[in-house]
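# Structural characterization, general
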Amino acid sequence: MSVKSDYAARAVLGLARHFPKQDALRVEDLATDKNIPANYLVQILIELKAQGIARSVRGKEGGYLLARAPTEITLADVLRAVHGTVFDTPALNDAECAPELRGAWRRLQQTMETSAESITFQQLLDESTAKEKMYYI
């Protein structure tokens, strides 16, 4: 996984926290909150927007918000939006790579796809809420 993957997931999680309010977050605020360089975040948000994960609002109250509910966005969606795939390695198409190793890379790819597809941003929000409740008990 790359830094870009991490930043994209952080950004979507930040937007997911504001989804119920339907208020757009300014890039600067999201960047500061999630500790992501603002210029890099803009590029990531453009990619997320192109894939229907985020949308932008113009004007004084403008910014970005989720285009779909957090229940409908998986970690796999975010990874595909910024990389085109959940997991890739040149070895999958390398004739010089031993067949048994290529098979292992394919199994890893399938496992990561399945796992990333099963994780929604609503689940991540719910985990965060559960931790907050436990902290205050």
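Cut-off values and rules
Residue positions are counted from 1 within each chain, in the order its sequence is given. Where local features are concerned, this predicted model is filtered to residues with pLDDT of at least 70; where side-chain atom pairs are given and counted, the filter is 80 or more; whole-chain, interface and lining totals use all residues. Values shown for side chains rest on all heavy atoms present in the structure; no hydrogens or waters enter the calculation. The predictor's confidence in any single residue is recorded as pLDDT, a number from 0 to 100. Helix and strand assignments come from DSSP, with helices taken as H or I runs of at least 4 residues and strands as E runs of at least 2, each series counted from the N terminus. Buried means the residue's accessible area, taken with a 1.4 Å probe over protein chains only, is under 20% of the maximum for its type, while exposed means over 50%, and partly exposed covers the values in between. The contact rule is simple, with two residues in contact once any of their heavy atoms fall within 4.5 Å. Here a Phe, Tyr or Trp ring, Trp counted by its six-membered ring, pairs with any other such ring whose centre lies within 6.5 Å, and the pair is stacked when the planes are under 30 degrees apart, edge-to-face when over 60, and tilted otherwise. Positive charges come from Lys and Arg alone, negative charges from Asp and Glu alone, with His and the N- and C-terminal ends not counted. Just to be clear on terms, a salt bridge is a Lys or Arg side-chain nitrogen sitting within 4 Å of an Asp or Glu carboxyl oxygen. Pairing of N or O atoms within 3.5 Å defines a polar contact, subject to two protein rules: one partner must be a possible hydrogen donor and the other a possible acceptor, and residues neighboring in sequence count only if both atoms are side-chain atoms.

## Observations concerning the confidence of the model for the protein
When pLDDT is averaged along the protein, the result is 90, and 94% of the positions lie at 70 or above. The spread of mean pLDDT over the elements of the protein runs between helix α6 (residues 121-136), the lowest at 76, and helix α3 (residues 38-50), the highest at 96.

## Topic: the side chain of T120
Relative to the helices and strands, T120 is located in the loop between α5 (99-118) and α6. What makes T120 buried here is its relative accessible area of 15%. T120 has contacts with P70, T71, I73 and T74, leaving out every residue within four places of it along the chain.

## Some thoughts on the environment of T111
Turning to its location among the elements, T111 is positioned in helix α5. Take T111: its relative accessible area is 48%, and that puts it in the partly exposed class.

## Notes on the packing of aromatic side chains
One pass over the structure, following the stated rule, counts two aromatic pairs. Between Y7 and Y40, the ring centres sit 5.7 Å apart and the planes meet at 75 degrees, which makes this aromatic pair edge-to-face. Here Y7 is found in helix α1 (residues 3-17), whereas its partner Y40 is found in helix α3, with 33 residues between them in sequence. Overall, Y40 belongs to the partly exposed group, its relative accessible area being 28%. Here the aromatic rings of F87 and W105 are separated by 6.1 Å at their centres, their planes lie at 25 degrees, and the arrangement is stacked. Separated by 18 residues along the polypeptide, F87 in the loop between α4 (75-83) and α5 and W105 in helix α5 bring together distant segments of the chain.

## Brief notes about the side chain of R102
Inspection of the secondary structure puts R102 in helix α5. Despite being buried, R102 has no salt bridge partner; D94 is the closest side chain of opposite charge, sitting 6.2 Å away. Looking at R102, its side chain comes within polar contact range of the main-chain oxygen of D94, at 2.8 Å. Beyond its immediate chain neighbours, meaning those up to four positions away, R102 contacts A91, L92, D94, A95 and C97.

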